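# Descriptive structure summary
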Amino acid sequence: MKTVENFILELDSQQKAIVSYLHQHLTQHHDLMAKISFNIPMYYKRKWVCYLNPIKNGGIELAFTKGHRLSNDQGMLKSKGRKRISGIELFDVQSIPDRSIDEIIQEALILDQLYNT
């Protein structure tokens, strides 16, 4: 079985840095569990909360499985035509807006506790 660490090792250096940072942040600061599913790292508490998806232009999308229910007060989430999922495209570790992402994650964790779907 492929691990998140193996997934990270296979990425190019830019994506590797972003995924490493976000993986640590999600698992250590938000106490999310990680598992490779659909060939990408998925993070969950009760249900899937978010995932990290490499994108073609060298970035990583931090996508939320209940993105359609998030307030998006920060104005960062984009649905890209998807009905339920919304995400944030990130291109380097230095420009990750930690405070805004933490707000979105906290809201997603509240939804994880409130909704079964």
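Look up: the structure comes first, before these words.
Below is a short write-up of the structure. (Residues numbered from 1 in each chain as written. Predicted model: local features only at pLDDT ≥ 70, side-chain atom pairs only at ≥ 80, totals over all residues. Heavy atoms only, no water.)

Turning our eyes to something else, we now look at the side chain of D112. Along the chain, D112 turns up in helix α3 (residues 98-114). No salt bridge is formed by the buried D112; the nearest opposite charge belongs to K66, separated by 4.4 Å. (Helix = DSSP H or I, 4+ residues; strand = E, 2+ residues; numbered from the N terminus. Buried < 20%, exposed > 50% of the residue type's maximum accessible area, 1.4 Å probe, protein only. Lys, Arg positive; Asp, Glu negative; His and termini not counted. Salt bridge = Lys/Arg side-chain N within 4 Å of Asp/Glu carboxyl O.)

What follows deals with the packing of aromatic side chains. Inspection of the entire model under this criterion finds one aromatic pair. For the pair Y44 and W48, a centre-to-centre distance of 5.0 Å together with 80° between the ring planes defines the contact as edge-to-face. Taking relative accessible area as the criterion, W48 reaches 29% and is therefore assigned partly exposed. (Phe/Tyr/Trp six-rings, centres within 6.5 Å; stacked < 30°, edge-to-face > 60°.)

The full count for this structure, using the stated rule, is four salt bridges. Its salt-bridge partner being D31, residue K45 comes within 3.6 Å of it at the nearest N-O pair. Here K45 is found in the loop between β2 (40-44) and β3 (48-54), whereas its partner D31 is found in the loop between α2 (13-29) and β1 (33-37), with 14 residues between them in sequence. For K45, a relative accessible area of 30% corresponds to the partly exposed category. A salt bridge links E61 to K80; the shortest N-O distance between them is 3.6 Å.

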